[in-house]
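Here is what each chain is made of, one letter per residue.
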Amino acid sequence: METVVSGIRSTGKLHLGNYYGAIQNFVKMQHEYNCFFFIADWHSLTTHPTPSDLHSNVKQVLVEYLAAGLDPEKSTLYVQSDVPETTELYLYLNMNAYVGELERSTSFKDKIRAQPDNVNAGLLTYPVLMAADIILHRATKVPVGKDQEQHLEMSRTFANRFNRLYNHDYFPEPYAFNFSDNLVRIPGLDGKGKMGKSEGEGNAVYLSDSPEIIRKKVMKAVTDSGPTAENQEKPVEIQNLFDLLKVVSTPDTYEHFDNLYNTCQIRYGDLKKQLAEDMIIATTPIRNRINDISQDTSYLRQVARHGAIKARESASKTIREVREIIGFRSF
Ligand code: AMP
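Residues numbered from 1 in each chain as written. Predicted model: local features only at pLDDT ≥ 70, side-chain atom pairs only at ≥ 80, totals over all residues. Heavy atoms only, no water.

Trainee: So what's going on with the nonpolar core? Residues and values would help.
Mentor: Core analysis: the biggest nonpolar cluster contains 56 residues, and Leu16, Tyr65, Leu207, Phe242, Leu244, Leu275 and Met279 have the highest contact counts within it. By residue number, the principal contributor to this core is helix H13 (residues 268-295), which donates nine residues. Split by domain, this core shows at least three residues from each of two domains, domain 1 (3-183 + 296-326) and domain 2 (197-291). Setting aside residues up to four positions removed in sequence, methionine 279 forms contacts with Leu16, Val205, Ile214, Val218, Leu244 and Val248. In this structure, Leu102, Ala131, Phe171 and Ala311 belong to the second largest nonpolar core, which totals 37 residues. (Core = buried A, V, L, I, M, F, W, Y, C linked by side-chain atoms within 4.5 Å. Buried < 20%, exposed > 50% of the residue type's maximum accessible area, 1.4 Å probe, protein only. Helix = DSSP H or I, 4+ residues; strand = E, 2+ residues; numbered from the N terminus. Domains from an automatic or database assignment. Contact = heavy atoms within 4.5 Å.)

Here's what the structure looks like:
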């Protein structure tokens, strides 16, 4: 069975885009691959979170992924900082990662622009830590978006460089992986692009949003003054609402509003009301689980411990073999 590794950002609530675009695939993937999902708390240190934020962020992410359907019995779900073997591999890989190539990475250049007062070495070596996360489990498949393709190429470079240096075909090459052929793109409510947490207040509907908040956000979604001719093409902000409807509502509901639009009888208020109610139906079971799981400290402790044990089994085997290959011998 092939191994899949996916890092999960340790900050931010999950929105419908994350759920339909990524997590639903993770949930299915668990049955077909040897999956490792880790919460990337070491990566988050590049922006210097406070100690209390660090813990609450990790907890929130763990809770929401469990609530959204990741099964700690089927996959290995762990917190990165619970697996110290990661840092050892990071150190070895750093010895063969060149400053020039790291400086050329697009994400490093973006970060320099975004946080010019905090250009730390952790930012520079971010792709090395990412490579360590992946090849620690000798994974071949990494479910990442296009923005991560360059990092993944660097992971392949570091893996191959290690293999060449020690003349050992040890690490397999990791590649980007689309579990599902039809990649869904969930639009936001601002009438522009996709749903995302950095796109501004009100654009994203979070899995933890209460029904009242969901109704409020959806009713504020951008629309136009309505169609003026039958069967006319929908402008982007209206198409976005229909795309959302397609995801959360039944085909009958979608068709009903599509017909109303095409015959110029649509009332956007009705469409938004229906969309909000269907989003509430889709998210309520998850929100209830979020509330239950976040109260259950002993369950969370058990999940984190179990995940760390499973991840360390795989990681320590790799580190043992890597030490041997590099030439470390005990006396
Ligand atoms: P982010 O934390 O925003 O990088 O999102 C994590 C993952 O969620 C991404 O790599 C995508 O797979 C998925 N995702 C985020 N936003 C959307 C969206 N609007 N539509 C579809 N998938 C999304």
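Trainee: Talk me through unusual backbone geometry; I want residue IDs and the actual numbers.
Mentor: Residues other than glycine seldom take positive phi values, yet arginine 138 does so here, at roughly 50°. Within the chain, cysteine 264 stands out as a residue other than glycine whose phi angle is a positive 60°. Mapping cysteine 264 onto the fold places it in the loop between helix H12 (251-262) and H13. The class of cysteine 264 is partly exposed, set by a relative accessible area of 31%.

Trainee: Give a detailed account of the side chain of threonine 253, specifying residues and quantitative values.
Mentor: Structurally, threonine 253 can be placed in helix H12. With residues up to four places along the chain from it excluded, the contact list for threonine 253 reads Gln274 and Asp278.

Trainee: Please set out the packing of aromatic side chains residue by residue, giving values where relevant.
Mentor: For the coordinates displayed, the defined rule picks out 12 aromatic pairs. Their ring planes at 35° and their centres at 5.9 Å tell us that tyrosine 92 and phenylalanine 328 sit as a pair that is tilted. With a gap of 236 residues between them, tyrosine 92 in helix H4 (residues 85-94) and phenylalanine 328 in the segment after helix H14 (297-326) connect regions that are remote in the sequence. Aromatic ring contacts, followed pair by pair, group Phe162, Tyr166, Tyr170 and Phe171 into a single cluster. When the ring centre of tyrosine 206 is taken as origin, the NZ or CZ atom of lysine 13, which lies over that ring, is 4.4 Å away. The residue whose ring lies beneath arginine 138 is tyrosine 170, and the NZ or CZ to ring-centre distance is 4.0 Å. (Phe/Tyr/Trp six-rings, centres within 6.5 Å; stacked < 30°, edge-to-face > 60°. Lys NZ or Arg CZ within 6 Å of the ring centre and 35° of its normal.)

Trainee: Describe in detail the site of the ligand, supporting the description with residues and values.
Mentor: Near the ligand, the surroundings consist of Arg9, His15, Gly17, Asn18, Gly21, Ala22, Val184, Arg185, Ile186, Lys194, Met195 and Lys197. In this structure, an oxygen atom belonging to the ligand sits 2.6 Å away from a side-chain N or O atom of arginine 9. The backbone of methionine 195 places a nitrogen or oxygen atom 2.8 Å from a nitrogen atom of the ligand. Within the complex, the protein chains bury 72% of what would otherwise be the 480 Å² of accessible surface of the ligand. Tallied by class, residues from the shell around the ligand come to four nonpolar, four polar and four charged. (Near = heavy atom within 4 Å. Polar contact = N/O pair within 3.5 Å; in protein donor to acceptor, adjacent residues only side chain to side chain. Areas by Shrake-Rupley, 256 points an atom, 1.4 Å probe, with all protein chains shown as cover. Nonpolar A, V, L, I, M, F, W, Y, C, P; charged D, E, K, R; others polar.)

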